[in-house]
Amino acid sequence: MIERTKEKESLILDRHIDIARDGFAALEKVTTFCCSGCGLCSSICHLGSIAFDEVKKRPVLTGECNKCGCCYLACPRTFLPLTKIEKTYFGGNGSEEEKRLGILSDLFLARSLTEKIYWEGTPGGTTTALVHYLMDKGYVEASLLTRNKHADVKFCMHPEPYIASTPEEVFASAHSKFEISPVLAHLGGLSRYKSTLFVGTPCHIMAFRKLQIIKKDEMFRTRMKRLSQIAEKLTAPVTYVLSINCFLNHTDMDKAYEWLKVQEKDIARFNENVTKELAHEALEDGKDWRWFIKSSVVTTDGQVKDYDILQLGVLLLYSGCLVCNNMIVSRHADANIGFFGAETGLKEFGWNTVSIMNPSLKKVIDQMVADKKLARKPILRNHGRTLRKAIEVLMRGLMPSKDFMGVSNYLQTGEWHYPESIKKIKGPRRGTYILGLELLYLAQTFRKKMFYDGTIKALRKAGAYRTTVY
Ligand SMILES: Cc1cc2nc3c(=O)[nH]c(=O)nc-3n(C[C@H](O)[C@H](O)[C@H](O)COP(=O)(O)OP(=O)(O)OC[C@H]3O[C@@H](n4cnc5c(N)ncnc54)[C@H](O)[C@@H]3O)c2cc1C
Ligand code: SF4
Ligand code: SF4
Ligand code: SF4
């Protein structure tokens, strides 16, 4: 990260304002590798000329471009004023917990106590329960969420962003869809309301926080007047931004179904996305959390297909996820909800790990618990801490920013071929003794070492486009 001073920031902005004069053509340099698929640029274009390609998961120009440069300047993958974002929105630079999770008002495990939500949620339905409660109690009027594109398919992995304007409409958002969802392409639709929220992955949160900074900060307001006005309008109705964990996301899931020879309508499990019936059956059979993170597809007629996660990656890897510096959780959301860290050992499934950064949401959660809408229990801490730290030291020694994902090859050929060394990396073993929060921390370090560091190094080496983070 570049050290931030006013002069340096001004120089960075000079450079990007200059590049932005090419309009959408400038943005295309970002989308070649670094786009996160957040959809924000589509909301920014005042001519309505940017659409989102649902297969490639990239923005495309569909109309006139007058080269105003706003889409390029708003994009979180052009330049990212991370220091300002951290200072303003729950960043955290102090303790290990703050660095990894944010400045916390609360951290706990939870699950919905509304049966309809719990049985649909991945895994505990806490996100859906929280959004439903916030709408039902009038904290917000509308919510920007992601539902199944194919409403009749239970395990539909094709995301469709939509705006829920009644609490009942929130139910459709439950369960994770493993494709990029351009949530922020629908931000403009919230301007009809006074108070709203959106749920996204950490990159959506980062994009939104950049937009808020562009609206708020004096230097941006002076130097990017038009964009600052657009940012004002788009951010005004949003009261809460909620994040779900995200390790990696995918492009076109249909390619995976073709490869696995399964039909989406027949699926009862895709990785951790498991029907509750199947999950409870597995627990009764003595399976533990390792079963739940296994790369496997189970169909409704009981067929089990374990698959090679690397091969799936070759088919579906989204390059923008490799330059994601969020490390699974969002430290900048009002609340972040995942499942890593909720594995309390053996006999329990269906809980979420919840970190609350906005103190006003902590009060809402307390009320939900009192109203019996949410079950809450402490997260398991310090379970295998010494071992986790020792593994991290080893990782730092053995994985010095190596290009594990074969980025340099991808830049030359446009295809993913991972180096042989990646196949030697093994997942958690039966005797693993790292659980709860320590497991989440280990996953974060693993993600950074394996995906992020090597990618950034390879892009730098090839002189390819990289986000300016300062
Ligand atoms: C691609 C992807 C990768 C993930 N990887 C991890 C991981 O490695 N570790 C981990 O702990 N958790 C991961 N999660 C998060 C996890 O699957 C759950 O979404 C999270 O724990 C919330 O659970 P819940 O039961 O509260 O959600 P639910 O109550 O089921 O609600 C799901 C919420 O997620 C939103 N949503 C669903 N799909 C998408 C999407 N594609 N993009 C944006 N929003 C979406 C919906 O709007 C809804 O609000 C991932 C999620 C996704 C979509
Ligand atoms: S926002 Fe401006 S530069 Fe970008 S596509 Fe629209 S008109 Fe062109
Ligand atoms: S990262 Fe978001 S704003 Fe940037 S090009 Fe991709 S979709 Fe558009
Ligand atoms: S890995 Fe990062 S960039 Fe990719 S979808 Fe998840 S949060 Fe967004």
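Residues numbered from 1 in each chain as written. Chains lettered and ligands numbered in written order. Predicted model: local features only at pLDDT ≥ 70, side-chain atom pairs only at ≥ 80, totals over all residues. Heavy atoms only, no water.

A.B. asks: So what exactly am I meant to see when it comes to the pairing of strand β11 (residues 296-299) here?
C.D. replies: Sheet faces and side chains relate simply in a regular strand, where the side chains alternate between the two faces. Across the two faces of β11 the burial is the same, with Ser296 and Val298 and Val297 and Thr299 all buried. Bridge count between strand β9 (residues 267-270) and β11: 3 bridges; the pairing is antiparallel. From the neighbouring strand, arginine 269 faces β11, where its bridge partner is valine 298. Pairing between β11 and strand β12 (residues 304-306): 3 bridges, direction antiparallel. (Buried < 20%, exposed > 50% of the residue type's maximum accessible area, 1.4 Å probe, protein only. Helix = DSSP H or I, 4+ residues; strand = E, 2+ residues; numbered from the N terminus. Pairing = 2+ DSSP bridges.)

A.B. asks: I'm lost on the packing of helix α19 (residues 385-398) against helix α21 (residues 437-462) in this one. Help?
C.D. replies: The description of two packed helices rests on the angle between their axes and on the distance between the axes. Between α19 and α21, the least distance of the axes is 10 Å, while the angle of their chain directions is 5 degrees. If you check the angle between α19 and α21, you find them roughly parallel. Only Glu438, Tyr441, Leu442, Thr445, Phe446 and Lys449 of α21 make contact with α19, whose side of the interface consists of Arg385, Arg388, Ile391, Glu392, Met395 and Arg396. (Axes fitted to C-alpha atoms, helices over the stretch in contact; angles between N-to-C directions. Parallel < 35°, antiparallel > 145°, perpendicular 65-115°, else oblique. Contact = heavy atoms within 4.5 Å.)

A.B. asks: Mind showing me how you'd approach the site of ligand 4 here?
C.D. replies: Close to ligand 4 lie 13 residues; Arg77, Cys203, Cys246, Cys321 and Cys324 are nearest. Applying the majority rule of atoms within 2 Å of the grid points places ligand 4 in the second largest cavity. Residues belonging to the shell around ligand 4 are distributed by class as follows: 8 nonpolar, 3 polar and 2 charged. (Near = heavy atom within 4 Å. 1 Å grid on protein atoms, 1.4 Å probe; cavity = no way out; pocket = protein on both sides within 12 Å on 5 of 7 lines; lining within 4 Å. Sits in = over half its atoms within 2 Å of the grid points. Nonpolar A, V, L, I, M, F, W, Y, C, P; charged D, E, K, R; others polar.)

A.B. asks: For this particular structure, what's the right way to read the packing of helix α10 (residues 202-216) against helix α12 (residues 225-235)?
C.D. replies: The interhelical angle for the contact between α10 and α12, taken along N-to-C directions, is 120 degrees, at an axis separation of 8 Å. Judged by the angle between their axes, α10 and α12 are oblique. The element α10 and its partner α12 pack so that their crossing is left-handed. Only Leu227, Ser228, Ala231, Glu232, Leu234 and Thr235 of α12 make contact with α10, whose side of the interface consists of Phe208, Leu211, Gln212, Ile214 and Lys215. Taken together, the residues of the contact of α10 with α12 break down into 6 nonpolar, 3 polar and 2 charged. (Left-handed = near helix turned anticlockwise from the far one by under 90°.)

A.B. asks: Is there a simple way to think about the pairing of strand β2 (residues 58-61) in this case?
C.D. replies: Strand direction decides the pairing type here: strand β1 (residues 50-53) and β2, joined by 4 bridges, are antiparallel. If you follow alanine 51 over to β2, its bridge partner there is valine 60. From the end of β1 to the start of β2, which pair antiparallel, there are 4 residues, and lysine 57 there has a positive phi angle of about 60 degrees.

A.B. asks: Sorry, what's going on with the pattern of salt bridges here?
C.D. replies: Side chains bearing opposite charge may pair, as long as their charged atoms lie close to each other. All chains considered together, the criterion is met by 28 salt bridges. One salt bridge connects glutamate 392 with arginine 388, and the closest N-O pair in it is separated by 2.9 Å. Placement of both glutamate 392 and arginine 388 in helix α19 is noted, with a separation of 4 residues, approximately one turn of the helix. Judged by its relative accessible area of 0%, arginine 388 falls in the buried class. Through salt bridges with shared partners, a single ionic network connects Glu96, Arg100, Arg385, Arg388, Lys389, Glu392 and Glu438. (Salt bridge = Lys/Arg side-chain N within 4 Å of Asp/Glu carboxyl O.)

A.B. asks: Sorry if this is basic, but what is going on with the domain arrangement of the protein chain here?
C.D. replies: A common way to report how large an interface is uses the accessible area buried once the components associate. Considered domain by domain, the protein chain is made up of domain 1 (6-80), domain 2 (84-250 + 319-377), domain 3 (253-316) and domain 4 (385-461). Placing the centre of domain 2 and that of domain 4 at their C-alpha centroids yields a distance of 26 Å. Each partner contributes residues to the interface: domain 2 has 22 residues there, and domain 4 has 25 residues. Approximately 2000 Å² of surface area, both sides summed, lies buried where domain 2 meets domain 4, with 66% of it carried by carbon and sulfur atoms. (Domains from an automatic or database assignment. Buried area = accessible area lost by both parts, 1.4 Å probe.)

A.B. asks: Explain the layout of surface pockets here, please?
C.D. replies: Considered as a void within the structure, the second largest pocket measures approximately 1200 Å³ in volume. The wall of the second largest pocket is formed by 46 residues, among which Leu82, Asn325, Met327, Lys448 and Tyr452 lie closest to the centre. Elements with a minimum of two residues in the lining of the second largest pocket: α1 (6-20), α5 (82-88), α6 (96-101), α10, α19, α21 and β16 (468-469). For the lining of the second largest pocket, the leading source of residues is α21, giving 8 residues. (Points joined across faces, edges and corners; volume = space filled by probe spheres on them.)

A.B. asks: Where do I start with α21 in this structure?
C.D. replies: Given 3.6 residues to a turn, an α-helix orients residues that are three or four positions apart in the same direction. Relative to the 38 Å expected for 26 residues at 1.5 Å per residue, α21 spans 37 Å between its end C-alpha atoms, a close match to the ideal helical length. Largest kink in α21: about 35 degrees, centred on lysine 448. Burial analysis of α21 places 20 of its 26 residues in the buried class, the great majority of the element. With its phi angle positive at about 65 degrees, glycine 463 sits one or two positions after the end of α21. (Expected span 1.5 Å × (residues − 1). Bend = angle between axes of the 7 residues up to and from the residue.)

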